[in-house]
Amino acid sequence: MTTVYFITNNYTLRSNCIYKKEISDEQKREDTLLSFKGEKTACELLKKAELKQVKTLYASPYKSSIGSAKYLSEELDLPIYIDSRLKERRIGILGTNDENFLKETQKHDFDYKFHNGESLNMVIERMKNCLKDILFHNEDETVAVFSHDIAIESLFTIWCEKGYSLENQMILNYKDQVIIDGGYHPTRLFRLEFEGDKLRNIVWEQEKEL
């Protein structure tokens, strides 16, 4: 049995960064640092007994993702493998639209994307390929993967039944259990269990914050 923990940490520093030169919105997202609460949240992972069994750490190239993984890396004396396939969905060029329009449209059309952006089906494909490699190289081990909300939710649609709340938020159910409830969560931790490359269970630890 291979156990994969998918972890998100959205406590980031949002309002106090001033850029002296013009950079893309995508680069700003990648460069965003964890806030003080984000750092504290990442440190709290060390208290989770199940994560002490982790043998391999993966993270997206986002600074917030690497910052979330660093405490486990130091505590367990493990390197962090950076994989660009774990990035958040690339928004692309907004033009006259806004990000909310993209989010609302993509919930119902997984092929929709902005110019130079990604559709959710594109995100699913790269996340699926990344997970396949992780499972291949870590059979019967415990792995922690630091990624992002939309990327993880897109991947989970492979195995989950999709629905929508009254507020038009996407909800995902796995074996009659809600895995994605459509709400905003600053941190989330999911445990996935695999036999080979076959998923056997998903558990969302919603009872307690990281």
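My aim in this report is to walk through the structure given alongside it, one point at a time. (Residues numbered from 1 in each chain as written. Predicted model: local features only at pLDDT ≥ 70, side-chain atom pairs only at ≥ 80, totals over all residues. Heavy atoms only, no water.)

## Here we look at the overall build of the protein chain
A tally of regular secondary structure across the protein chain gives 6 helices and 9 strands. Its C-alpha atoms give the protein chain a radius of gyration of 17 Å, within 12% of the compact-globule value 17 Å for 210 residues. Considering only C-alpha atoms, the protein chain reaches an extent of 50 × 40 × 30 Å along its principal axes. Looking at the protein chain as a whole, 47% of its 210 residues are labelled buried. Of the contacts made within the protein chain by residues no fewer than 6 positions apart, 63% connect residues no fewer than 24 positions apart. (Helix = DSSP H or I, 4+ residues; strand = E, 2+ residues; numbered from the N terminus. Rg over C-alpha atoms; globule rule 2.2 N^0.38 Å. Buried < 20%, exposed > 50% of the residue type's maximum accessible area, 1.4 Å probe, protein only. Contact = heavy atoms within 4.5 Å.)

## As for the packing of helix H5 (residues 120-137) against helix H6 (residues 149-156)
To describe two helices that pack against each other, one gives the angle between their axes and the distance between the axes. Interaxial distance between H5 and H6 falls to 8 Å at its minimum, and their mutual angle equals 80°. Put simply, H5 runs roughly perpendicular to H6. Between H5 and H6, the residues in contact are Leu120, Val123, Ile124, Met127, Lys128 and Leu131 and Ile150, Ala151, Ile152, Ser154 and Leu155, respectively. (Axes fitted to C-alpha atoms, helices over the stretch in contact; angles between N-to-C directions. Parallel < 35°, antiparallel > 145°, perpendicular 65-115°, else oblique.)

## Structural notes on the sheet that holds strand E8 (residues 187-195)
One open sheet holds the 6 strands; their spatial order is E3-E2-E4-E1-E8-E9, and the pairing between them is mixed. On the outer flanks of this sheet lie strand E3 (80-82) and strand E9 (198-204), each paired with one strand and no other. Along the sheet, successive strands turn relative to each other by an average axial angle of 25°, direction set aside. In the sheet, E8 pairs with E9 via 6 bridges, with the strands oriented antiparallel. By the bridge assignment, Phe190 is partnered in E9 with Trp204. (Pairing = 2+ DSSP bridges.)

## Structural notes on the packing of helix H2 (residues 36-44) against helix H3 (residues 63-76)
Two elements in contact, H2 and H3, have axes separated by 8 Å at closest approach and are oriented at 35°. Along this stretch, H2 crosses H3, giving a crossing that reads as right-handed. Where H2 abuts H3, its residues Glu39, Ala42 and Cys43 lie against Gly67, Ser68, Lys70 and Tyr71. Residue composition of the contact of H2 with H3, by class: 3 nonpolar, 2 polar and 2 charged. (Left-handed = near helix turned anticlockwise from the far one by under 90°. Nonpolar A, V, L, I, M, F, W, Y, C, P; charged D, E, K, R; others polar.)

Keep in mind these numbers describe shape, not what the thing actually does.
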